[in-house]
Amino acid sequence: MLFRSHLNRALELNDRDSLAWFQLALTANTVGALERAAELNPNLAEAHILLGVRATDDNQLDTALTHLKLATRLVPRKSYAWYSLAYAQQKQGDAASARASLEQALQTATTPQHREMAAALLDSLPR
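S.K.: What is the right way to read the pattern of salt bridges from this model?
M.R.: Any two side chains of opposite charge can pair if their charged atoms end up close together. This structure, assessed with the given rule, holds 2 salt bridges. The shortest N-O distance in the salt bridge between Arg9 and Glu12 comes to 3.2 Å. Here Arg9 pairs with Glu12, and both are found in helix α1 (residues 2-13), just 3 residues apart, close to one helical turn. Of the residues examined, Arg9 reaches a relative accessible area of 46% and is grouped as partly exposed. A salt bridge links Arg36 to Glu39, with the nearest nitrogen and oxygen atoms 2.7 Å apart.

Right, here's the structure in full:
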């Protein structure tokens with residue numbers, strides 16, 4: 001709670017600090033703070049990934065794809081960004097795009113877990 005009160009105070013002093021909004025979003029689990037962070041810093045890839053994942057979970061797939069495509073442009077070497085995009089694409093029914101994104105996820109995977117997740121989703125796609 002102390003950290004959160006410090007973040008709130010920091011935002012009172014400067015409400016244009018995207019990283020403070022991002023940290024608040026992580027500690028308070030609020031979409032509004034996450035959206036504000038991404039609005040203030042459109043290059044904050046992690047905010048777009050989290051917004052995309054949340055939108056995917058809420059079945060707001062157009063919103064999810066917008067955030068996740070931007071995230072993969074911002075951090076093209078992050079396997080989890082490609083995996084998240086592929087999952088949203090698969091959920092939307094676009095197996096071809098999901099397959100292409102999973103190929104990127106596999107190429108950029110740096111951990112066995114990331115490789116296994118991407119391979120499992122790839123195996124689940126219709127041929």
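S.K.: I keep staring at helix α5 (residues 61-74) and nothing clicks. Help me out?
M.R.: Note on helix geometry: an α-helix contains 3.6 residues per turn, so any two residues three or four positions apart are oriented the same way. Taking 1.5 Å per residue as the helical rise, α5 with its 14 residues ought to reach 20 Å, and the 20 Å between its terminal C-alpha atoms agrees with that figure. All of the buried residues in α5 are Leu61, Ala64, Leu65, His67, Leu68, Ala71 and Thr72. Buried-residue contacts for α5 involve α4 (45-57) and α6 (79-92).

S.K.: How do you make sense of the environment of Thr27 when you look at a structure like this?
M.R.: Within the secondary structure, Thr27 sits in helix α2 (residues 18-28). Put simply, Thr27 and Leu7 are 20 residues apart on the chain and 9.6 Å apart in space, counted from C-alpha to C-alpha. Apart from the residues within four sequence positions on either side, Thr27 is in contact with Phe3, Arg4 and Leu7. Within the local environment of Thr27, its side chain forms a polar contact with the backbone oxygen of Leu24, the two atoms lying 3.2 Å apart.

Parameters at a glance
- Residues numbered from 1 in each chain as written.
- Predicted model: local features only at pLDDT ≥ 70, side-chain atom pairs only at ≥ 80, totals over all residues.
- Heavy atoms only, no water.
- Salt bridge = Lys/Arg side-chain N within 4 Å of Asp/Glu carboxyl O.
- Helix = DSSP H or I, 4+ residues; strand = E, 2+ residues; numbered from the N terminus.
- Buried < 20%, exposed > 50% of the residue type's maximum accessible area, 1.4 Å probe, protein only.
- Expected span 1.5 Å × (residues − 1).
- Contact = heavy atoms within 4.5 Å.
- Polar contact = N/O pair within 3.5 Å; in protein donor to acceptor, adjacent residues only side chain to side chain.

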